[in-house]
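Each chain is listed here by its residues.
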Amino acid sequence: MSQSEKAARFKSLHEAPGTFVIANVWDAGSARVLAGLGFAALATSSGASANVLGRLDGMVTREEALTAVRAIVMATDLPLSADLEKGFGDEPEIAAETIRLGAEAGLVGGSIEDATGNKDKPLYDLGHATERVTAAAEAARALPFPFILTARSENFLRGNPDLDDTIRRLQAFEKAGADVLFAPGLPDLAAVRAVCSSVSKPVNFMAGIKDKSFSVAELEAAGVKRISVAGSLYRAAMGGVIKAAREVKEKGTFGYLDHAVSSSELGNFMQNT
């Protein structure tokens, strides 16, 4: 499937009735598994991608992130969007370049956030944040296929749980040209409804935070178009590894084998289709 065909499919998912789940992957193998389970689109997770390299979230270079993207793109025919963090630089021009390079790597979507990565000033001022989204949107519109740009307001993850400011930011990002609006960490369904009713573009909700994740049906009723799961599937997988390894190390038993996926079943996901 060509990149243009993937882009058209991804765009149509955002225009069709109802809500869909985009599954966050961390390598080609996880992409094969989740594609085989029937998900319609995939996304990367910056946290999971960093952990795969033995690092913390935010400690991956742009080229390392794009190398992972290329491997995932080659693994399936599904549309792939990427968690591009702040665009790997502070200036609007860098965010725009990241969108262009992501498209060259095979992406049909990607997100730019307003978090700086600086603990002393965790969020960009609204004006600068909007300029960065504007530049990213212009780069996306210049591509020969529809690239779905997601703009993220990081207030609730960066120590500023201000719903009014979050909505102001998302509204500004919508006017700047973002295709999808995203505020990770919203605390309850009332906040989700408030965000969805404040903008006209599709809203992405991030499931994966304990006690702040809701069912697909609840989120659809609140107005959410797209649900991502961030690094939670990766953490669930690693939770299984840790539990199994502790059993071996502490008990000297191998009971985890009773619950492990078989080699043949896993192999079925890895075969070329």
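Structural notes, computed from the coordinates. Values in this document were obtained by computation on a predicted structure and should not be read as measured data. (Residues numbered from 1 in each chain as written. Predicted model: local features only at pLDDT ≥ 70, side-chain atom pairs only at ≥ 80, totals over all residues. Heavy atoms only, no water.)

1. Concerning the overall build of the protein
Here is step 1: Looking only at helices and strands, one finds 11 helices and 8 strands in the protein.
Here is step 2: With the C-alpha coordinates of the protein rotated into their principal frame, the extents come out at 60 × 40 × 35 Å.
Here is step 3: Relative to its 273 residues, the protein shows a buried fraction of 48%.
Here is step 4: At a minimum sequence separation of 6, the contacts of the protein that also span at least 24 residues come to 68%.
Here is step 5: Accessible surface, the protein: about 13,100 Å² in total, of which carbon and sulfur atoms supply 55%.
Here is step 6: Taking the 29 positively charged and 34 negatively charged side chains of the protein as two groups, their mean positions are separated by 2 Å. (Helix = DSSP H or I, 4+ residues; strand = E, 2+ residues; numbered from the N terminus. Buried < 20%, exposed > 50% of the residue type's maximum accessible area, 1.4 Å probe, protein only. Contact = heavy atoms within 4.5 Å. Areas by Shrake-Rupley, 256 points an atom, 1.4 Å probe, with all protein chains shown as cover. Lys, Arg positive; Asp, Glu negative; His and termini not counted. Charge placed at Lys NZ, Arg CZ, Asp CG, Glu CD.)

2. What about the environment of A217?
Here is step 1: Locating A217 in the fold gives a position in helix α9 (residues 216–222).
Here is step 2: Classification of A217 by relative accessible area gives exposed; the value is 56%.
Here is step 3: Considering only alpha carbons, one finds A217 and G18, 199 residues apart in sequence, at a separation of 9.7 Å.

3. Re the environment of S232
Here is step 1: Note on placement: S232 falls in helix α10 (residues 232–251).
Here is step 2: The exposure class assigned to S232 is buried, which follows from its relative accessible area of 18%.
Here is step 3: Put simply, S232 and N24 are 208 residues apart on the chain and 8.3 Å apart in space, counted from C-alpha to C-alpha.

4. Some details on the sheet that holds strand β6 (residues 180–182)
Where strands meet in a sheet, backbone hydrogen bonds hold them as pairs that are either parallel or antiparallel.
Here is step 1: With respect to topology, 8 strands assemble into a closed barrel ordered β1-β2-β3-β4-β5-β6-β7-β8, the strand pairing being parallel. Put simply, the sheet's adjacent strands are angled 25° from each other on average, direction ignored.
Here is step 2: Pairing between strand β7 (residues 203–206) and strand β8 (residues 226–228): 3 bridges, direction parallel. Along β8, the bridge assignment pairs F205 with I227.
Here is step 3: Its contacts with the sheet put helix α6 (residues 126–141) on β4 (109–113) and β5 (148–152), and the angle it makes with β5 is roughly 170°. (Pairing = 2+ DSSP bridges. Axes fitted to C-alpha atoms, helices over the stretch in contact; angles between N-to-C directions.)

5. Re unusual backbone geometry
Here is step 1: Not every positive phi belongs to a glycine, and F88 is a case in point at roughly 65°.
Here is step 2: Topologically, F88 is positioned in the loop between β3 (80–83) and α5 (92–104).
Here is step 3: With a phi close to 70°, D211 is a non-glycine residue in the positive phi region.
Here is step 4: Positionally, D211 belongs in the loop between β7 and α9.
Here is step 5: For D211, a relative accessible area of 69% gives the class exposed.

6. Section: the pattern of salt bridges
Here is step 1: Applying the stated criterion across every chain, the model contains 15 salt bridges.
Here is step 2: As a salt-bridge pair, E113 and R152 come within 3.6 Å of each other at their nearest N and O atoms. Here E113, found in strand β4, pairs with R152, found in strand β5; they are 39 residues apart in sequence, far enough to count as distant. Residues E113 and R152 agree in their burial class; the two are buried.
Here is step 3: Several salt bridges share partner residues, and in doing so they unite D83, E113, R152, E154 and R158 into one network. (Salt bridge = Lys/Arg side-chain N within 4 Å of Asp/Glu carboxyl O.)

7. Some remarks on the pairing of β5
Here is step 1: Burial analysis of β5 places 5 of its 5 residues in the buried class, which makes it a mostly covered element.
Here is step 2: Residues I148, T150 and R152 line one face of β5 and the alternating positions L149 and A151 line the opposite face, and both faces are buried.
Here is step 3: By the bridge criterion, 5 bridges tie β4 to β5 in an arrangement that is parallel. The partner of E113 across the bridge, within β5, is R152.
Here is step 4: Chirality of the crossover, the property in question, places the unit of β4, α6 and β5 among those that are right-handed.
Here is step 5: Bridging between β5 and β6 involves 3 bridges; their strand directions are parallel. (Right-handed = clockwise from strand over helix to strand, strands pointing away.)

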